[in-house]
Amino acid sequence: MTITFITGANKGLGRETARRLIEHGHTVLIGARNREQGEEAAATLGARYVPIDVTDQASVAAAAANVAAHEGRVDVLINNAGVSGPLGDPSGLTAADALAVLDVNVIGVVRTITAFLPLLRCSEDPVIVNVSSGMGSLAFTHDPDRPESRVVAPLYTSSKAALTMLTTQYAKGLKDIRINAADPGYTATDFNAHSGFQTVTEGTDAIVTLATEEPGAGTGRFLSRHGEITWS
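Conventions adopted
- Residues numbered from 1 in each chain as written.
- Predicted model: local features only at pLDDT ≥ 70, side-chain atom pairs only at ≥ 80, totals over all residues.
- Heavy atoms only, no water.
- Helix = DSSP H or I, 4+ residues; strand = E, 2+ residues; numbered from the N terminus.
- Rg over C-alpha atoms; globule rule 2.2 N^0.38 Å.
- Contact = heavy atoms within 4.5 Å.
- Areas by Shrake-Rupley, 256 points an atom, 1.4 Å probe, with all protein chains shown as cover.
- Lys, Arg positive; Asp, Glu negative; His and termini not counted.
- Charge placed at Lys NZ, Arg CZ, Asp CG, Glu CD.
- Buried < 20%, exposed > 50% of the residue type's maximum accessible area, 1.4 Å probe, protein only.
- Arc of directions from axis to C-beta.
- Polar contact = N/O pair within 3.5 Å; in protein donor to acceptor, adjacent residues only side chain to side chain.
- Axes fitted to C-alpha atoms, helices over the stretch in contact; angles between N-to-C directions.
- Parallel < 35°, antiparallel > 145°, perpendicular 65-115°, else oblique.
- Left-handed = near helix turned anticlockwise from the far one by under 90°.
- Expected span 1.5 Å × (residues − 1).
- Pairing = 2+ DSSP bridges.
- Right-handed = clockwise from strand over helix to strand, strands pointing away.

Turning our attention to the overall build of the protein chain. A tally of regular secondary structure across the protein chain gives eight helices and eight strands. The globule rule puts the C-alpha radius of gyration for 232 residues at 17 Å, and the 16 Å found for the protein chain is close to it. Seen through its principal axes, the protein chain has C-alpha atoms that stretch 45 × 35 × 30 Å. Counted over contacts in the protein chain with a minimum sequence separation of 6, partners at least 24 positions apart contribute 66%. Accessible surface computed for the protein chain: about 10,300 Å², of which carbon and sulfur atoms make up 55%. Between the mean site of the 18 positive side-chain charges and the mean site of the 25 negative ones, the protein chain shows a separation of 3 Å.

Our next topic: helix α2 (residues 35-45). Of the positions making up α2, those classed as buried are G38, A41, A42 and L45. End-on, the buried residues of α2 take up no more than an arc of 95°, which puts them together on one face. Facing away from the buried surface of α2 by more than 90 degrees, the exposed residues are E36, A43 and T44. Looking at the packing, one finds that the buried side of α2 touches α1 (12-23), β2 (27-32) and β3 (48-51). The backbone nitrogen of E36 has a side-chain oxygen 3.1 Å away, supplied by the residue at the start of α2, namely N34. Positive phi shows up at G46, right after α2, with a value of about 90°.

It is worth spelling out the packing of α1 against α2 at this point. α2 packs onto α1 with a crossing angle of 25° between their chain directions and a minimal axis gap of 10 Å. Overall, the two elements α1 and α2 adopt an arrangement that is roughly parallel. Once α1 is placed against α2, the crossing between them reads as right-handed. Taken together, the residues of α2 that come into contact with α1 (itself represented by R15, A18, R19 and I22) are E40, A41, T44 and L45.

Under the 1.5 Å per step criterion, the end-to-end length of α1 is 17 Å for twelve residues, consistent within 8% with the ideal 16 Å. Considered for burial, the residues of α1 that qualify are L13, G14, E16, T17, A18, R20 and L21. Packing partners of the buried residues in α1 comprise β1 (3-6), β2, α2, β4 (76-79), α7 (200-203) and α8 (205-212). Among the residues trailing α1, G25 stands out with phi positive, at a value near 95°.

Attention now goes to the pairing of β3. As defined by bridge partners, β2 adjoins β3 across four bridges and the pair is classed as parallel. Bridge pairing in β3 places I30 opposite Y49. Handedness of the β-α-β unit built from β2, α2 and β3 comes out right-handed.

Turning our attention to the sheet that holds β2. The eight strands lie next to each other as β3-β2-β1-β4-β5-β6-β7-β8, forming an open sheet whose pairing is mixed. In the strand order of this sheet, the two ends are held by β3 and β8 (227-228), each with one partner. Pairing analysis gives four bridges linking β1 to β2, with the strands arranged parallel. Across the sheet, residue F5 finds its bridge partner in β2, namely L29. Along the sheet, α1 contacts β1, β2 and β4; its crossing angle with β1, the most-contacted strand, is approximately 170°.

Quick look at the structure:
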């Protein structure tokens, strides 16, 4: 049985990823900061809730200890938790704004991977999926035919560019773990006031693909539901 831990899995892309992977036969652990929402999602989907706040080192360590005590390993770690930060005119951005977004979207991923590495290394085929975004692509955000070019989200886009590069560096440095990034695409969730043109199921296609691939499928890749992205 594949054991999968998903951060930010109480709603949106994380919750739908959990639902779909349970259908694939995974044992899913719902990681979420909000206990009420996390417990509700776990009870509804048939998963187990594990409290985690990726901005809090003690919380991340406690989550890893919780999984070590109950399951003993993790086969797939999906770093899905994310925040958007301020949108639009960047003239009023503060250092605190930037730190808050990076703390979740980038540093939170580092915290979580480091804490969960011992559990992943207990797996015969360990996998990490980082939920990044085409919003971090120079090519996509400069292409007038793409929706990414019509959004001003300075901190979110910067954090996702960093996360995609972080993914490739982890993939190079951790040869024993398959590590890839997923671009959900413009998906209707709370994140964008449900303005996206994709369904939440379509938005999780790349995540589910990376979480269910056969061993040896490749590492250091950036995947959308339409295929592999040559990131730029």
